[in-house]
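Next come the chains, spelled out residue by residue.
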Amino acid sequence: ARLDLAARRLSDPMERRRAAFLRAQLRAAETRLLMMQGTRFAFADEAERLFGVRPRLLPLASYDGALAKVAALVPGNGDLATRVEAYLDRFTIPKERLQKVFDAAIARCRGRSAAHIPMPAGESFRLEFVTGKSWSGYNYYQGGYHSLIQVNTDLPIRLSRALDLGCHEGYPGHHVQGIYKEKNFRTRGWAEYSVQPLYAPESPLNEGGADFGVKLAFPGDEQVKFEAEVLYP
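So, here is what we can say about the structure in this document.

Conventions used here
The written sequence of each chain sets the order in which its residues are numbered from 1. Under the rules for a predicted model, residues below a pLDDT of 70 receive no local features and side-chain atom pairs below 80 are neither given nor counted, while totals for whole chains, interfaces and linings still include all residues. The basis for every side-chain value is the complete set of heavy atoms in the structure, and neither hydrogens nor water enter the calculation. Secondary structure elements follow DSSP: runs of H or I no shorter than four residues count as helices, runs of E no shorter than two count as strands, and numbering proceeds from the N terminus. Buried, partly exposed and exposed residues are distinguished by accessible area as a fraction of the type maximum, computed with a 1.4 Å probe on protein chains only: under 20%, between the cut-offs, and over 50%, respectively. Here, two residues are considered to be in contact whenever any of their heavy atoms come within 4.5 Å of each other. Note that accessible areas follow from Shrake-Rupley with a 1.4 Å probe, and for residues the cover is restricted to the protein chains shown. Only four residue types enter the tally: Lys and Arg on the positive side, Asp and Glu on the negative side, with His and both chain ends excluded. By convention, the point assigned to a charge is CZ for Arg, NZ for Lys, CD for Glu and CG for Asp. To define a nonpolar core, start from buried Ala, Val, Leu, Ile, Met, Phe, Trp, Tyr and Cys residues and group those joined through side-chain atoms within 4.5 Å. Patches here are clusters of residues that have more than 30% relative accessible area and form no salt bridge, with a 9 Å joining cutoff for like charges and a 5 Å cutoff for nonpolar side chains (Val, Leu, Ile, Met, Phe, Trp, Tyr). One speaks of a salt bridge when a side-chain nitrogen belonging to Lys or Arg is within 4 Å of a carboxyl oxygen belonging to Asp or Glu. Multiply 1.5 Å by the residue count of a helix minus one, and that product is the helix's expected span. What the arc covers is the set of directions going from the helix axis to the C-beta atoms. To get an axis, a line is fitted to the C-alpha atoms, and for a helix only the part in contact is used. The angle between two axes follows their N-to-C directions and goes from 0 to 180 degrees. Any angle that is under 35 degrees is reported as roughly parallel, and any over 145 degrees as roughly antiparallel; angles of 65 to 115 degrees are reported as roughly perpendicular and all others as oblique. A crossing counts as left-handed when the near helix is turned anticlockwise from the far one by less than a right angle, and as right-handed when that turn is clockwise. By the convention adopted, Pro, Cys, Tyr, Trp, Phe, Met, Ile, Leu, Val and Ala count as nonpolar, Lys, Arg, Asp and Glu as charged, and the other residues, Gly among them, as polar. Here a Phe, Tyr or Trp ring, Trp counted by its six-membered ring, pairs with any other such ring whose centre lies within 6.5 Å, and the pair is stacked when the planes are under 30 degrees apart, edge-to-face when over 60, and tilted otherwise. Lysine and arginine charges are scored as sitting over a ring when NZ or CZ, respectively, is within 6 Å of the ring centre and within 35 degrees of the ring normal.

## Regarding the overall build of the protein chain
Then step 1. Within the protein chain one finds 10 helices and 3 strands.
Then step 2. Looking at the protein chain as a whole, 33% of its 233 residues qualify as buried.
Then step 3. Sequence separation of at least 24 residues holds for 56% of the intrachain contacts in the protein chain that already meet a minimum separation of 6.
Then step 4. When the accessible area of the protein chain is evaluated, it comes to approximately 14400 Å², of which 57% is carbon and sulfur surface.
Then step 5. Across the protein chain, the 32 positively charged side chains and the 27 negatively charged ones have centroids separated by 4 Å.

## Some remarks on the nonpolar core
Then step 1. Counting 24 residues, the largest nonpolar core has Ile93, Phe102, Ala162, Leu163, Phe218 and Leu231 as its most contacted members.
Then step 2. Mapped onto this core, the elements with two or more residues apiece are helix H6 (98-114), strand E3 (146-152), helix H7 (160-170), helix H9 (202-217) and helix H10 (222-231).

## A word on a nonpolar patch on the surface
Then step 1. A contiguous nonpolar surface patch, about 420 Å² in accessible area, is contributed by Leu58, Leu60, Tyr63 and Leu67.
Then step 2. Mapped onto the fold, Leu67 is located in helix H4 (residues 64-73).
Then step 3. Given the relative accessible area of 43%, Leu67 is considered partly exposed.

## Some words on H6
Then step 1. Between its first and last C-alpha, H6 extends 24 Å over 17 residues, near the 24 Å set by a 1.5 Å rise per residue.
Then step 2. Regarding H6, the residues found buried are Leu98, Val101, Phe102, Ala105, Ile106, Cys109 and Ser113. Projected down its long axis, H6 carries its buried residues within an arc of 120°, all on one side.

## Points about the packing of H6 against H10
Then step 1. In the contact formed by H6 and H10, the axes pass within 11 Å of each other and the chain directions differ by 140°. Viewed along their axes, H6 and H10 adopt a mutual orientation that is oblique. Of the two possible hands of crossing, H6 and H10 adopt the one that is right-handed. Contact residues: Val101, Ala104, Ala105, Arg108 and Arg112 in H6; Glu222, Phe226, Val230 and Leu231 in H10.
Then step 2. The class makeup of the residues in the contact of H6 with H10 is 6 nonpolar, no polar and 3 charged.

## Digging into the environment of Ala19
Then step 1. Assignment of secondary structure puts Ala19 in helix H2 (residues 13-36).
Then step 2. Ala19 gets classed as buried once you look at its relative accessible area, which sits at 4%.
Then step 3. Not counting residues within four places of it along the chain, the set of residues in contact with Ala19 comprises Leu3, Ala7 and Leu10.

## Looking at the packing of aromatic side chains
Then step 1. All told, the structure shown has 11 aromatic pairs when counted by the stated rule.
Then step 2. Ring geometry for Phe91 and Tyr232: centres 6.4 Å apart, planes at 75°, overall edge-to-face. Placement of the pair is Phe91 in the loop between helix H5 (80-89) and H6 and Tyr232 in the segment after H10, with a sequence separation of 141 residues.
Then step 3. A ring pair is formed by Tyr138 and Tyr140, whose centres lie 4.7 Å apart and whose planes are at 35°; its orientation type is tilted.
Then step 4. Residue Tyr140 is classed as partly exposed on the basis of its relative accessible area of 32%.
Then step 5. Among the aromatic residues, those joined into a ring-pair cluster are Phe21, Phe185, Trp190 and Tyr193.
Then step 6. The ring centre of Tyr199 lies 3.8 Å from the NZ or CZ of Arg32, which sits over that ring.

## Looking at the pattern of salt bridges
Then step 1. Counted according to the given criterion, the structure contains 13 salt bridges.
Then step 2. As a salt-bridge pair, Arg112 and Glu222 come within 2.7 Å of each other at their nearest N and O atoms. Highlighted residues: Arg112 in helix H6 and Glu222 in helix H10, separated in sequence by 110 residues.
Then step 3. For Glu222, a relative accessible area of 30% puts it in the partly exposed group.
Then step 4. A single network of salt bridges, built from pairs that share partners, joins Glu15, Arg18 and Glu192.

Here it is, written out as structure tokens:
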């Protein structure tokens, strides 16, 4: 209520946007707290309250054409999901080579991104391989233009994931997002940008932007070309 009252007095467009952002963040936090206390929402309502977008759910049959194309490409008989996993297992990176492969992948992601996005002097990240996590990769932005990037080795890491994770968690993904949030917002004294809740309207932007980062850094067939010429060897 205090936020709505204050927002009516704002004339600066950036301050008005800040107020709208805070309102959406608070609604998401309220929704998440209600869910933790047992409240249940319809799927589309939950998505809208948490993430600020209302998904349009397609009937499952609409995916049959794409599945048929995959089935025609993947060898073997039986359940399609099992066949796909068996095919992808052929491209699992041996654990003793993970560091070398990821170092090469992230270095290329950074080089491609830096050609288009100015990076502050001294920006850096630390890469760790961990176990016991529910995700395949994660970025913890530390502040001061530094990130901790972790990769979960409990899960099989296929070669295509090296560039995906390098771009998604690093450049131009979450690491660069953190840098620019610090440069553009935290320096204004906007304390709300010192935290990054997962269940919030910024998540579709953060995750969607990071996912799309690999296509920005490696358009067309350039990802496959780099994997074949550099990462596979």
